[in-house]
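Here's the letter readout for the chains.
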Amino acid sequence: QVQLVESGGGLVQAGGSLRLSCAASGRTSNTYDMGWFRQAPGKEREFVAAIRGSSGSTVYADSVKGRFTISRGNAKNTVYLQMNSLPPEDAAVYYCAADPRAGRLRVWNDYDYWGQGTQVTVSS
């Protein structure tokens, strides 16, 4: 089993920045793909960003490209999401996810493990 715990969410003014963290424990591995997804009230869960465990390559949703950066910590069991220039529409619960099977990075169904989520609120 893998446990994921997100942190770093909170309230920020539009145009501000936040850095989310995801700490992985248990039967985790550096080869796991890691992703960030988000879900706003009344909307479906959507892909935000992901990093391939085997190569370190990253992918982003078009809506966040150039503003968000996903990265792994030096200890490799932590993943970060740096979010800059936040508009109110980025407000959501952000979830960290892990996939041990190198599936489709943008597809939430391909991820086996999920954190409990962290709330991001952006005031206008």
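As a reminder, the structure under discussion sits directly above these lines.
Heads up: these notes are all about the structure in this document. (Residues numbered from 1 in each chain as written. Predicted model: local features only at pLDDT ≥ 70, side-chain atom pairs only at ≥ 80, totals over all residues. Heavy atoms only, no water.)

Moving on, we get to the overall build of the protein. Along the backbone of the protein there are zero helices and 11 strands. N-terminal to C-terminal, the α/β element order of the protein is β-β-β-β-β-β-β-β-β-β-β. Rg of the C-alpha trace for the protein: 13 Å, near the compact-globule value of 14 Å for 124 residues, within the 12% margin. Referenced to the eigenvectors of the C-alpha coordinate spread, the extents of the protein come out at roughly 40 × 30 × 25 Å. Each of the 124 residues in the protein was classed as buried or not, and the buried ones make up 45%. Within the protein, counting contacts between residues at least 6 apart in sequence, those at least 24 apart form 57% of the total. Carbon and sulfur atoms make up 46% of the accessible area of the protein, which amounts to about 6,300 Å² in all. Side chains of the protein give 13 positive and 10 negative charges; the mean places of these two sets differ by 5 Å. (Helix = DSSP H or I, 4+ residues; strand = E, 2+ residues; numbered from the N terminus. Rg over C-alpha atoms; globule rule 2.2 N^0.38 Å. Buried < 20%, exposed > 50% of the residue type's maximum accessible area, 1.4 Å probe, protein only. Contact = heavy atoms within 4.5 Å. Areas by Shrake-Rupley, 256 points an atom, 1.4 Å probe, with all protein chains shown as cover. Lys, Arg positive; Asp, Glu negative; His and termini not counted. Charge placed at Lys NZ, Arg CZ, Asp CG, Glu CD.)

Its place among the elements puts T118 in strand β11 (residues 118–123). T118 sits in the buried class, given a relative accessible area of 10%. Setting aside its immediate chain neighbours within four residues, T118 contacts E6, S7, G8, G9, L20, A92, V93 and Y94.

Turning next to the sheet that holds strand β7 (residues 68–72). Strand order in the open sheet made by the four strands is β1-β3-β8-β7, with antiparallel pairing throughout. Each of the sheet's edge strands pairs with one partner strand only, and the pair in question is β1 (2–7) and β7. On average, each strand axis in the sheet is inclined to that of its neighbour by 15°, with strand direction left out of account. In this structure, strand β3 (residues 18–26) lies alongside strand β8 (residues 78–83), joined through six bridges in antiparallel fashion. Each bridged residue has a counterpart across the sheet, and for S21 the counterpart in β8 is Y80. (Pairing = 2+ DSSP bridges. Axes fitted to C-alpha atoms, helices over the stretch in contact; angles between N-to-C directions.)

This brings us to the pairing of β11. Burial of β11 is one-sided: the residues T118, V120 and V122 facing one way are buried, the residues Q119, T121 and S123 facing the other way are not. Two elements, strand β2 (residues 10–13) and β11, share four bridges in a ladder whose sense is parallel. Each bridged residue has a counterpart across the sheet, and for L11 the counterpart in β11 is T121. As defined by bridge partners, strand β9 (residues 92–99) adjoins β11 across three bridges and the pair is classed as antiparallel. What sits directly across from Y94, in β11, is T118.

Function-wise, these values are silent; they only describe arrangement.
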